[in-house]
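Residues per chain, in single letters:
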Amino acid sequence: TITLPSSIKTIDRYAFKESGLTNITIPENVTNIYDYAFHKCKELKNITFKSSGSSTPKLSLRAHSFGACTALEKVSFLRTGYTTVANVFADSNPNLIMVGYGAKDYTAALCKYLVNSWGLSYKSTDSSEKKFQTVQALSKKINEHIRPDDVTDEGCAAKVLSLGKGTCGGYARAFYNCALAM
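Residues numbered from 1 in each chain as written. Predicted model: local features only at pLDDT ≥ 70, side-chain atom pairs only at ≥ 80, totals over all residues. Heavy atoms only, no water.

Enquirer: When you look at the overall build of the protein in this model, what are you seeing that I'm missing?
Expert: For the protein, the helix and strand inventory stands at four helices and ten strands. Counting from the amino terminus, the protein carries its helices and strands in the arrangement β-β-β-β-β-β-β-β-α-α-β-α-β-α. Here the protein has a C-alpha radius of gyration of 17 Å; the compact-globule value for 182 residues is 16 Å, and the two agree. With the principal axes as the frame, the protein shows a C-alpha extent of 55 × 35 × 25 Å. (Helix = DSSP H or I, 4+ residues; strand = E, 2+ residues; numbered from the N terminus. Rg over C-alpha atoms; globule rule 2.2 N^0.38 Å.)

Enquirer: Help me understand the environment of Thr56, please; the structure alone is not making it clear to me.
Expert: Position of Thr56 relative to the elements: it lies in the loop between β4 (46-49) and β5 (59-61). Filtering out sequence-adjacent residues up to four positions away, Thr56 remains in contact with Glu28, Lys50, Ser51 and Arg79. Looking at Thr56, its side chain comes within polar contact range of the main-chain oxygen of Gly53, at 2.9 Å. (Contact = heavy atoms within 4.5 Å. Polar contact = N/O pair within 3.5 Å; in protein donor to acceptor, adjacent residues only side chain to side chain.)

Enquirer: Sorry if this is basic, but what is going on with the sheet that holds β5 here?
Expert: Where strands meet in a sheet, backbone hydrogen bonds hold them as pairs that are either parallel or antiparallel. Judged by pairing direction, the sheet is parallel, and its four strands sit side by side in the order β1-β3-β5-β7 without closing on themselves. In this open sheet, the two edge strands, each paired with only one partner strand, are β1 (10-11) and β7 (82-83). In the sheet, β5 pairs with β7 via two bridges, with the strands oriented parallel. Counted as the bridge partner of Leu59 is Tyr82 from β7. (Pairing = 2+ DSSP bridges.)

Enquirer: Help me understand the pattern of salt bridges in this model?
Expert: For side chains bearing opposite charge, pairing can occur when the charged atoms are close. Applying the stated criterion across every chain yields a total of one salt bridge. Of the charged contacts, one joins Glu144 and Lys141 as a salt bridge, the two residues approaching to 3.9 Å between their closest N and O atoms. With Glu144 and Lys141 both in helix α2 (residues 128-145) and three residues apart, the pair spans about one turn of that helix. Looking at Lys141, the relative accessible area reads 30%, which means it is partly exposed. (Salt bridge = Lys/Arg side-chain N within 4 Å of Asp/Glu carboxyl O. Buried < 20%, exposed > 50% of the residue type's maximum accessible area, 1.4 Å probe, protein only.)

Enquirer: It is not clear to me how the nonpolar core should be interpreted in this structure. Could you clarify?
Expert: Most often, soluble globular proteins have nonpolar side chains that are buried together. In terms of nonpolar packing, the biggest core is built from 46 residues, with Ile26, Ile33, Phe38, Phe49, Phe66, Phe89 and Tyr106 touching the most fellow members. Residue assignment for this core shows that the elements contributing at least two residues are β2 (23-26), β4, β5, β6 (74-77), α1 (103-117), α2, α3 (157-163) and α4 (168-181). A total of seven residues in this core trace back to one element, the largest contributor, which is α1. (Core = buried A, V, L, I, M, F, W, Y, C linked by side-chain atoms within 4.5 Å.)

Enquirer: Could you clarify how one ought to interpret the packing of α1 against α4 in this entry?
Expert: Pairs of packed helices are described in terms of their axes, by the angle between the two and the distance that separates them. In contact at an axis separation of 8 Å, α1 and α4 are set at 70 degrees when each is read in the N-to-C sense. By the criterion of interaxial angle, the relationship of α1 to α4 is roughly perpendicular. Contact residues: α1 offers Thr107, Cys111, Lys112 and Val115, while α4 offers Asn177, Cys178 and Ala181. A per-class count over the contact of α1 with α4 returns four nonpolar, two polar and one charged. (Axes fitted to C-alpha atoms, helices over the stretch in contact; angles between N-to-C directions. Parallel < 35°, antiparallel > 145°, perpendicular 65-115°, else oblique. Nonpolar A, V, L, I, M, F, W, Y, C, P; charged D, E, K, R; others polar.)

Enquirer: What am I meant to see in the packing of aromatic side chains here?
Expert: Geometrically, a pair of aromatic rings is defined through the distance of the ring centres and the angle of the planes. This structure, assessed with the given rule, holds eleven aromatic pairs. Ring centres 5.0 Å apart and planes at 10 degrees place the aromatic pair Phe16 and Phe38 in the stacked group. Here Phe16, found in the loop between β1 and β2, pairs with Phe38, found in the loop between β3 (32-33) and β4; they are 22 residues apart in sequence, far enough to count as distant. For the residue pair Phe16 and Phe38, the accessibility class agrees, reading buried in each case. Ring plane angle 5 degrees and centroid distance 4.8 Å describe the contact between Phe38 and Phe66, whose orientation is recorded as stacked. Within this pair, whereas Phe38 is found in the loop between β3 and β4, its partner Phe66 is found in the loop between β5 and β6, the two being separated by 28 residues in sequence. Across this residue pair, the class does not change: Phe38 and Phe66 are buried. (Phe/Tyr/Trp six-rings, centres within 6.5 Å; stacked < 30°, edge-to-face > 60°.)

As structure tokens, then:
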């Protein structure tokens, strides 16, 4: 175990890669977790993103920062305000749960990233045909991004989009949230 000081602002690339950590609480003042910071922490079970209220700064999660954490059971988003990429939790436990009032913000940031990377935008001034084509394109991209998988629950949009695995209910939540972001 390790207790990170509240004064820490960043967690650098590879900082805890392949370590034996089982739980980690990310202090509220951390603003960046860089690529592969906790990658392949195969014993990591719980991640908590701590908050100090409305003054908590935004947190940027980078590529594979928690990727391949195969024992990961729970991610608690106890803060709001995220920027992220699609593969933060890639190849982690498909049955993990993502909870907390900040999960909605994480989901919105993830959807914004995906929609932008797919080059999709929905404009209210577009013709009905263009709007329909844009929604169809989103459906196709979501379908390409999410693979059907035998998971223990349908999954929240954050989990399904983060892992790229889910069932029809998770797919529907992912589509809905990405449509809002678009």
